[in-house]
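Coordinates in review
Residue strings, one per chain:
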Amino acid sequence: MNLGEPLNMKKAKEIAFRVTFVYVLLGILWILLSDYFSVVLAHEKLNLYIYFQRYKGWFFVLVTGIILYLLVFRRTKEIIDSNERLRKKERQLFIQHEHYHSLFKHNPDGVFELDMEGKIMSVNPEAESLLEATQQELEAIELGRFLDEEDVKGVTDHFMQTLSGKGSMFETNIRTRDNKIKILRCSFIPIIVSGEVTGVFVIGRDITQFRKNEEMMIASEKMSVIGQLAAAVAHEIRNPLTSLKGFLQLMKTTGTVNDEHLDIMQSEVDRIDLISGEMLILGKQQDEHYQTEDVDLILQQVIVLMEAQANIDNISIEYTPKAIEPLYVKAEVNQLKQVFINIIKNAVEAIPFDRKGKIAISVDKKDGEALVIVSDNGVGMEPERIETIGEPFYSTKEKGTGLGLAICKKIIEKHKGKIVFQSEKQIGTVVKICLPLWEG
Ligand SMILES: Nc1ncnc2c1ncn2[C@@H]1O[C@H](COP(=O)(O)OP(=O)(O)O)[C@@H](O)[C@H]1O
Ligand SMILES: [Mg+2]
């Protein structure tokens, strides 16, 4: 605005000068012309001279009046037109501003505007309720203050990336002032003005409830799997119990203790202990807790349970850990067990009764990841079915829920891993699971 003023003044002076110049020029011209005519007429036609002298002033006023009128009219019209255009532009800008402001104010997601240092400049009402604080309380406060220490680095990386002009999307925990933890799905968007980043817009959505529901779904699927395993496990425990009972009876009748029998009894008790222990751990309700876990160990524990089912169906499970060193991953152990159980259970269920079933499980290190492969010689799937696999409620089994693989996918995703299926009709299925190794 200020910069424009001297320029406007110059322009106004120029217009005024031009009008005045025209007026003065006409005046001078008229004086010179009328004097010239007067001299000529005075010599030749006195009557006309008198007549001319009387009306020349009026004539001048009329002509200059018309010229001035035309000049001023043209200029004023230009000014009024440009004013009108300006007003229209202003109105358009105002409407546009209102448009964008609605996006900000009435957004069902929280919207924060941050400056280059990550300090809050403005927030919308939803953002206020997300952080449980008012705009006044939040102003000039760093958004990082609402983060736990372990989340600060990750969020800062996203912030820096956004400052370089590339937006990003991620999830993080935030802690409100009453120490309430919320899970937020965030988008960072660079604010670019005249080609330069001047700040960052943050759009945040509270997905705490969504995550809780997901956890509940995973937990209830787990309980349902445990329920389905229970019969086979009870059966599996019954075998060693029968043998224990036999040996006890033998001891009772003979009244002697045979060391060899005692060893067998010990190993049977150990097996019962192992199986029931695994079942108990799996069933335990736990908070999500990510720890460093050995994939080989998890697989061994899962196989203890799954062998129960496999034995009943006359299926052999062959397990080969191929890596030399232990493969550690950051995992929620029970959820990972749930994945392996679901996959092996599907393999068991895919093998027809009349077939000599074989399930091969292996784990190896590949490209910095732990690669678990479960293959079976079951009925397999048509290629087009593989595409639908993992969609909830897709099942070809009479009593299937179609939730097993959907949950597996979800859990593997949470562990930042991948799961892929290969299958051939009547030949069998191969499931590959990659999990990023933990380099602690
Ligand atoms: N190893 C496998 N061999 C053949 N088909 C399979 C295999 N694993 C999964 N499927 C197919 O994928 C479907 C979905 O599996 P899942 O999500 O575990 O649900 P459910 O086992 O309850 O049917 C199964 O019904 C089956 O058709
Ligand atoms: Mg299943």
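Above: the structure in question.
Below, the structure is looked at part by part. (Residues numbered from 1 in each chain as written. Chains lettered and ligands numbered in written order. Predicted model: local features only at pLDDT ≥ 70, side-chain atom pairs only at ≥ 80, totals over all residues. Heavy atoms only, no water.)

A word on the overall build of the protein. Helix and strand counts for the protein come out as 11 helices and 12 strands. Over its C-alpha atoms, taken along the principal directions, the protein stretches across nearly 170 × 50 × 40 Å. For the protein, long-range pairs separated by at least 24 residues make up 61% of all intrachain contacts whose partners lie at least 6 apart in sequence. Within the structure as shown, the protein displays about 28,100 Å² of accessible surface, and the carbon and sulfur contribution to it stands at 59%. (Helix = DSSP H or I, 4+ residues; strand = E, 2+ residues; numbered from the N terminus. Contact = heavy atoms within 4.5 Å. Areas by Shrake-Rupley, 256 points an atom, 1.4 Å probe, with all protein chains shown as cover.)

So, on to the site of ligand 1. In the vicinity of ligand 1 lie 20 residues, with Ser-395, Thr-396, Lys-397, Thr-401 and Leu-405 positioned nearest. Take Lys-397: an N or O atom from its side chain is 2.7 Å from an oxygen atom of ligand 1. With the chains in place, 95% of the 530 Å² that ligand 1 exposes on its own is no longer accessible. Every element with two or more residues in the shell around ligand 1 is listed here: α9 (333–350) and α11 (404–414). When its residues are assigned to classes, the shell around ligand 1 shows 7 nonpolar, 9 polar and 4 charged. (Near = heavy atom within 4 Å. Polar contact = N/O pair within 3.5 Å; in protein donor to acceptor, adjacent residues only side chain to side chain. Nonpolar A, V, L, I, M, F, W, Y, C, P; charged D, E, K, R; others polar.)

Turning to the sheet that holds strand β3 (residues 168–175), a few remarks are in order. Read from one edge of the open sheet, 5 strands run β2-β1-β5-β4-β3, paired in antiparallel fashion. If you trace the sheet from one side to the other, it starts and ends with β2 (120–123) and β3, each paired once. Averaged over all neighbouring strand pairs, the angle between strand axes comes to 30°, with direction disregarded. Where strand β1 (residues 110–114) lies against strand β5 (residues 196–206), 5 bridges are found, and the strand directions are antiparallel. Across the sheet, the residue bridging to Leu-114 is Val-200, located in β5. Strands β3, β4 (181–193) and β5 of the sheet are contacted by helix α6 (residues 208–254), whose axis makes an angle of about 135° with β4. (Pairing = 2+ DSSP bridges. Axes fitted to C-alpha atoms, helices over the stretch in contact; angles between N-to-C directions.)

This paragraph deals with the sheet that holds strand β12 (residues 428–436). Taken in spatial order, the 5 strands line up as β7-β9-β10-β12-β11 in an open sheet, and their pairing is mixed. Only two strands of the sheet have a single partner each, and these edge strands are β7 (315–321) and β11 (418–424). In this sheet, adjacent strand axes meet at a mean angle of 15° when their direction is disregarded. Here strand β10 (residues 369–376) pairs with β12 via 8 bridges, running antiparallel.

A few words now on the packing of α6 against α9. Helix-helix packing: each pair is described by the crossing angle between the helix axes and the interaxial distance. One can describe the packing of α6 onto α9 by two numbers: an axis separation of 11 Å at closest approach and a directional angle of 50°. Taken together, the axis directions place α6 and α9 in an arrangement best described as oblique. Between α6 and α9 the crossing geometry is left-handed. Counting all contacts with α6, which are made through Glu-215, Ile-218, Glu-221, Lys-222, Val-225, Gln-228 and Leu-229, the residues of α9 involved are Asn-334, Gln-335, Gln-338, Ile-341, Asn-342 and Lys-345. Here the residues of the contact of α6 with α9 sort into 4 nonpolar, 5 polar and 4 charged. (Parallel < 35°, antiparallel > 145°, perpendicular 65-115°, else oblique. Left-handed = near helix turned anticlockwise from the far one by under 90°.)

Here the focus is the environment of Val-155. Among the structural elements, Val-155 can be located in helix α5 (residues 149–163). For Val-155, a relative accessible area of 11% gives the class buried. Separated by 112 residues in sequence, Val-155 and His-43 have C-alpha atoms that sit 101 Å apart. Residues contacting Val-155, with those up to four places away along its chain left out, are Leu-147, Phe-170, Thr-172 and Phe-188. (Buried < 20%, exposed > 50% of the residue type's maximum accessible area, 1.4 Å probe, protein only.)

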